[in-house]
Amino acid sequence: MPSTRETILAALHARLSALPATALRGEVLPERVPAEGLLILRDGEPGEPEVTLSPLRYHYQHRAEVEAVVQGAARDTAFDTLCASIGAAFAADRMLGGLCDWVEAEAPQLVDLPVDGAASLKAAVIPVILHSASDPLG
């Protein structure tokens, strides 16, 4: 049986997979970026929990990351559309079907990546905070 953390990350990946862009989890950047864009979910870190003692519960703000990448002549527009679709996907169900307490994304940290002989990539890391209560190993 998967842990709560793994279940939440799998649900987040499934939510990203429903978008038009290709969604990967924990993969390296491939040689080719699909025309509709690429999303790579990084599992991130659970951080230090806040603890309540009665009953004993650990409250985490797990910090995952989504790498969003687009390429092509209209990359600014494509990137904006991709980021908006990520935001809309999270806003549609902030609790991932009841698996966590809240999902929120932070502002993208932008990077322009030049590519020899091809259109440059526009990329960003989008921090995603997953609020949940679970056992440290569960």
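Remember, it's a predicted structure, so these values are computed and weren't measured experimentally.

**What about the environment of H59?**
Next up, step 1: Structurally, the position occupied by H59 is in strand β4 (residues 56-71).
Next up, step 2: Here H59 falls in the partly exposed class, since its relative accessible area comes to 30%.
Next up, step 3: A C-alpha to C-alpha distance of 20 Å links H59 and F90, two positions 31 residues apart in sequence.
Next up, step 4: Setting aside residues up to four positions removed in sequence, H59 forms contacts with P49, E50, T52, S132 and A133.
Next up, step 5: In this structure the side chain of H59 is engaged in a polar contact, spanning 3.3 Å, whose partner is the side chain of T52.

**Considerations on the packing of helix α1 (residues 4-17) against helix α2 (residues 75-92)**
Next up, step 1: In contact at an axis separation of 10 Å, α1 and α2 are set at 130° when each is read in the N-to-C sense. Relative to α2, the element α1 is oriented oblique. Where α1 crosses over α2, the two elements pack in a sense that is right-handed. Where α1 approaches α2, its residues L12, R15 and L16 are matched on the opposing element by I86, A89 and F90.
Next up, step 2: Considering only residue class, the contact of α1 with α2 consists of 5 nonpolar, no polar and 1 charged.

**What to know about the environment of Q61**
Next up, step 1: Along the chain, the position of Q61 falls in strand β4.
Next up, step 2: Exposure remark for Q61: the relative accessible area of 49% places this residue in the partly exposed category.
Next up, step 3: Spatially, the C-alpha atom of Q61 lies 9.0 Å from that of E50, the residues being 11 residues apart in sequence.
Next up, step 4: Other than its neighbours up to four places away in sequence, Q61 contacts E45, P46, I129, L130 and H131.

**Section: the nonpolar core**
Looking at soluble globular proteins, one finds that nonpolar side chains tend to be buried together.
Next up, step 1: Formed by 26 residues in total, the largest nonpolar core has its most connected members in L16, L39, V66, I86 and L130.
Next up, step 2: Listing elements by their share of this core, those giving two or more residues are α1, β2 (38-45), β4, α2 and β7 (121-133).
Next up, step 3: The residues contacting L39, other than those within four sequence positions of it, are L16, L19, A21, T22, A23, L24, V66, E67, A68, L82 and I86.
Next up, step 4: Core analysis: the second largest hydrophobic core is formed by 6 residues, L38, I40, V69 and A123 among them.

**Considerations on the pattern of salt bridges**
Next up, step 1: For the coordinates displayed, the defined rule picks out 6 salt bridges.
Next up, step 2: Between E67 and R42 there is a salt bridge whose closest N-O contact spans 3.0 Å. Of the two residues, E67 is situated in strand β4 and R42 in strand β2; the sequence distance between them amounts to 25 residues.
Next up, step 3: Salt-bridge contacts for D76 lead to K122; the nearest nitrogen and oxygen are separated by 3.0 Å. With D76 in helix α2 and K122 in strand β7, this residue pair connects regions lying 46 residues apart in the sequence.
Next up, step 4: The buried category is assigned to K122, whose relative accessible area is 15%.
Next up, step 5: Sharing partners across several salt bridges, the network here consists of E6, R25 and D43.

Rules used in this analysis
- Counting restarts for each chain: residues are numbered from 1 in the order of the written sequence.
- Only residues with pLDDT of 70 or above have their local features reported here, since the model is predicted, and side-chain atom pairs are shown and tallied only from 80 upward, although totals for entire chains, interfaces and linings are computed over all residues.
- Each side-chain value is worked out from all heavy atoms of the structure, with water and hydrogens disregarded.
- Working definition: helices are DSSP H or I runs of at least four residues, strands are E runs of at least two. Numbering for both runs from the N terminus.
- A simple rule labels every residue: compare its accessible area, found with a 1.4 Å probe on the protein chains alone, to the largest value its type can have, and call it buried under 20%, exposed over 50%, or partly exposed in between.
- Only heavy atoms matter for contacts: two residues are in contact if any of them lie within 4.5 Å across the pair.
- Residues adjacent in sequence count toward polar contacts only when both atoms are side-chain atoms; beyond that, a polar contact is any pair of N or O atoms within 3.5 Å, and within protein one must be able to donate a hydrogen and the other to accept it.
- In this description, a line fitted to the C-alpha atoms serves as the axis of each element, helices being fitted only across the stretch in contact, and the angle between N-to-C directions of two axes falls anywhere from 0 to 180 degrees.
- In what follows, roughly perpendicular refers to angles from 65 to 115 degrees, roughly parallel to angles under 35, roughly antiparallel to angles over 145, and oblique to any angle outside these ranges.
- Put simply, a crossing is left-handed when the front helix is turned counterclockwise from the back one by less than a right angle, and right-handed when it is turned clockwise.
- Here the nonpolar group is Ala, Val, Leu, Ile, Met, Phe, Trp, Tyr, Cys and Pro; Asp, Glu, Lys and Arg are the charged ones; every other residue, Gly included, is treated as polar.
- Take the buried residues of types Ala, Val, Leu, Ile, Met, Phe, Trp, Tyr and Cys, join any two whose side-chain atoms come within 4.5 Å, and each joined set is a nonpolar core.
- The salt bridge definition used is simple: a Lys or Arg side-chain nitrogen within 4 Å of an Asp or Glu carboxyl oxygen.

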